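Coordinates in review
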Amino acid sequence: MAYDYTMKHALCLIAVLATPAMAETPAAPPAGVQEGVGLMQQGAEMLLRGLMANMEPALKDMGEAVAEMEPKLRELMAIVDDITNYHPPELLENGDILIRRKTPAELKLETLPGNQIDL
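Since the model is a prediction, treat every value here as computed from it, not as a measurement.

Criteria and thresholds
Residues numbered from 1 in each chain as written. Predicted model: local features only at pLDDT ≥ 70, side-chain atom pairs only at ≥ 80, totals over all residues. Heavy atoms only, no water. Helix = DSSP H or I, 4+ residues; strand = E, 2+ residues; numbered from the N terminus. Buried < 20%, exposed > 50% of the residue type's maximum accessible area, 1.4 Å probe, protein only. Contact = heavy atoms within 4.5 Å. Areas by Shrake-Rupley, 256 points an atom, 1.4 Å probe, with all protein chains shown as cover. Salt bridge = Lys/Arg side-chain N within 4 Å of Asp/Glu carboxyl O. Patch = residues over 30% accessible without salt bridge, like charges linked within 9 Å, V, L, I, M, F, W, Y side chains within 5 Å. Polar contact = N/O pair within 3.5 Å; in protein donor to acceptor, adjacent residues only side chain to side chain.

1. Some points on the overall build of the protein
Per the secondary structure count, the protein includes three helices and two strands. Put simply, the protein runs from its N terminus to its C terminus through helices and strands in the order α-α-β-β-α. With 119 residues in all, the protein has 3% of them scored as buried. Of the contacts made within the protein by residues no fewer than 6 positions apart, 3% connect residues no fewer than 24 positions apart. When the accessible surface of the protein is summed, it comes to about 11,400 Å², and 67% of that surface belongs to carbon and sulfur atoms.

2. A few points about the pattern of salt bridges
Inspection of the entire model under this criterion finds three salt bridges. Note that Arg 49 and Glu 45 form a salt bridge whose closest N and O atoms lie 3.6 Å from each other. Residue Arg 49 and its partner Glu 45 are both found in helix 2 (residues 31–80); the two are separated by four residues, about one turn of the helix. Judged by relative accessible area, which is 36%, Glu 45 ranks as partly exposed. The salt bridge involving Glu 70 is made with Arg 74; its shortest N-O contact spans 2.8 Å. A residue pair is termed a helical-turn pair when its members lie 3 or 4 positions apart in one helix, as Glu 70 and Arg 74 do in helix 2 at four residues.

3. Let's talk about a nonpolar patch on the surface
Together, Met 52, Met 55, Leu 59, Met 62 and Val 66 give the surface a local cluster of nonpolar side chains, amounting to about 490 Å² of exposed area. Judged by relative accessible area, Met 52 falls into the exposed class, the value being 54%.

4. Some words on the side chain of Lys 102
Following the sequence through the fold, Lys 102 ends up in the loop between strand 2 (97–98) and helix 3 (104–111). Here Lys 102 falls in the buried class, since its relative accessible area comes to 15%. Within the structure, Lys 102 has its side chain in polar contact with the backbone oxygen of Thr 84 (distance 3.2 Å).

5. Points about unusual backbone geometry
With the exception of glycine, the majority of residues adopt a negative phi angle, and the majority of peptide bonds are in the trans configuration. If you check the backbone angles, Asp 81 has positive phi at about 75° while not being a glycine. According to the relative accessible area criterion, Asp 81 is exposed, its value standing at 56%.

6. Details of the environment of Thr 84
Structurally, Thr 84 can be placed in the loop between helix 2 and strand 1 (90–91). Taking the C-alpha atoms as reference points, Thr 84 and Arg 101, separated by 17 residues in sequence, lie 9.1 Å from one another. Aside from chain neighbours lying at most four places away, what touches Thr 84 is Lys 102, Leu 107 and Glu 110. A polar atom in the side chain of Thr 84 sits 2.8 Å from the side chain of Asp 82.

Below, the structure is given as structure tokens:
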């Protein structure tokens, strides 16, 4: 299998090296196209400036909210320990979300050889 992989790469390299380089340089675009590109760039810059001006207050509020939540998130992460010790969340019929912790037996099964998936 490794031989085929190497041969395919060698054939691709030969094909690339055998292809002649482009001798001609591309022609310059007409003046009208240059002007159009400049106008599009100006329009894009104006749009982005407007978006940033509108987003700035929301981003500031979000930064304050994250700073306020940080101590509680650190506390939660200390309690949770390792996220791999839990099953995926389940949504119950009443709308509650249930996250079950794996039992010691389930955790031991995961560490046995043969349970890994080779990618």
